[in-house]
Amino acid sequence: MTSKSGRFRKTLIALILLVFLGQLFESGNITLAASNSGIKSATKKVKVGNKNFTVQTVQIPKGTPVTVGLAKGQVGSTEKLEGIISRYKGEAAINGAFFEAYGGPPDPYGTLIAGGRFMHNGGYGTVIGYLADGTALMDTLRTSIKGKVKKPDGKTLGWYVTFLNREPAKGSNVSIMYTPDRGTKVGFSGGIAVTIVEGKVTKNENNNNASIPANGYVIVFSGTEQSSAERFVIDSEVERTFTYKDALGNLIPWEEVIAAVGAGPRLVKDGKVSLDAANEGFKDPKILTGSAARSGIAIMPDGSTLLATVSGATMKQWAEIMKSLGAKQAMNLDGGASSALYGGGKVLTPAGRLLSNTLIFGAQVSK
């Protein structure tokens, strides 16, 4: 039998535990849910200046499989957050790169890499990338895509493309590459389409929504760039090269990155607030001075990843919040109606619109 004193001690311990948990919950530091893979979601309370913020967070252990989840599985589409998560078998997710959400094709603006494949390139902001061992990198990645075409007569010429997997603006003079990550078609007509299959030119013709080969790619030359298509003679051998540099033009080792999303601006660098949105190429007042719903991602001191969302914050406040959460490196993602977060088996921050792309984490995530 249990003595009265023993029952009293157990009751007292239980009461103390309840009070302790209540304090944790009140401070926002209690974990709301955790998965078998160690992914944890929590609500945090952070004060910046005289304003209190409620921040939804999801902590991802280093080494958790990660990929970029695309709407409908291809670049340039939109879909509900839940649909993307289901397709990629995610346990945690956050919205990713900015995209065109106000008319026109919903093409992204930032860099996207998944399964080691470059799916979209961006020329501004900050990018987060992951190596196969789970190491996270953050830098001002700027890429160039170029190559050589060797004609049947042995003559070799150079080539380059401006963009990857997006529709050209009307009347623009550009060359754009389309890979299977775009889908089975380039998605528009106009310009000259050069089809390369297993390193050889198989077609050079007017673009009537050209088909993208599963084992190759298409380059569409528009406007004054159409003359560049002449060098791609049928049966010519084609090589392509991706070059990775930072905003200062220095080569950076991103060749082994298997997943990446570009947005920005940078919020925290080496544990200190580091914010210069204008210098990163941002001009929108919503980024520079406005207050809005924000999504962000951080690399923590132990190498884990922190996903976070907040409402009604300026970018300066967002940077301070990320620093307060303990971020070693942190950057902003698309926000406003795009801000969305999933973890612990439920949507923590619902998106206000269909999304173009996300970062997806989970033990069974598909690439």
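Whatever comes next refers back to the structure up there.
Below you will find a few notes about this structure. (Residues numbered from 1 in each chain as written. Predicted model: local features only at pLDDT ≥ 70, side-chain atom pairs only at ≥ 80, totals over all residues. Heavy atoms only, no water.)

**So, unusual backbone geometry**
Alright, step 1. In this structure, the amide linkage connecting Gly264 to the following residue, Pro265, adopts the cis form with an omega of 5 degrees.
Alright, step 2. Looking at where Pro265 falls in the secondary structure, it is placed in the loop between strand E18 (259–263) and strand E19 (266–269).
Alright, step 3. One non-glycine residue, Asn165, lies in the positive phi region at around 55 degrees.
Alright, step 4. Phi at Asp270 is positive, roughly 55 degrees, even though this residue is not glycine.
Alright, step 5. Inspection of the secondary structure assignment puts Asp270 in the loop between E19 and strand E20 (272–273). (Helix = DSSP H or I, 4+ residues; strand = E, 2+ residues; numbered from the N terminus.)

**Quick word on the sheet that holds strand E24 (residues 341–343)**
Alright, step 1. Spatially, E4-E26-E5-E24-E25 is the arrangement adopted by the five strands of the open sheet, whose pairing is antiparallel. For this open sheet the edge positions go to strand E4 (66–70) and strand E25 (346–349), each flanked by a neighbour on one side alone. The sheet shows a mean angle of 25 degrees between the axes of neighbouring strands, direction not considered.
Alright, step 2. Across two bridges, the pairing between strand E5 (residues 92–95) and E24 is antiparallel. The partner of Ala93 across the bridge, within E24, is Tyr342.
Alright, step 3. Each of E4, E5, E24, E25 and strand E26 (357–361) is contacted by helix H2 (residues 81–88), which is oriented at about 130 degrees to E4, the strand it contacts most. (Pairing = 2+ DSSP bridges. Axes fitted to C-alpha atoms, helices over the stretch in contact; angles between N-to-C directions. Contact = heavy atoms within 4.5 Å.)

**Quick notes on the nonpolar core**
Alright, step 1. One finds Val55, Leu307, Trp318, Ile321, Met322 and Leu359 to be the most contacted residues of the largest nonpolar core, which totals 64 residues.
Alright, step 2. Setting aside chain neighbours within four positions, we find Met322 in contact with Leu267, Val268, Gly296, Ile297, Ala298, Ala308, Ala327 and Ala330.
Alright, step 3. Ile113, Val149, Met177 and Trp254 belong to the second-largest nonpolar core, a separate cluster that totals 25 residues. (Core = buried A, V, L, I, M, F, W, Y, C linked by side-chain atoms within 4.5 Å. Buried < 20%, exposed > 50% of the residue type's maximum accessible area, 1.4 Å probe, protein only.)

**Structural notes on the sheet that holds strand E9 (residues 136–139)**
Alright, step 1. Taken in spatial order, the five strands of this open sheet run E7-E6-E18-E8-E9, and their pairing is antiparallel. This sheet does not close on itself; its edge strands, each paired only once, are strand E7 (117–120) and E9. In this sheet, adjacent strand axes meet at a mean angle of 20 degrees when their direction is disregarded.
Alright, step 2. Where strand E6 (residues 112–114) meets E7, three bridges bridge the pair, whose relative direction is antiparallel. Bridging across to E7, Ala114 finds its partner in Arg117.

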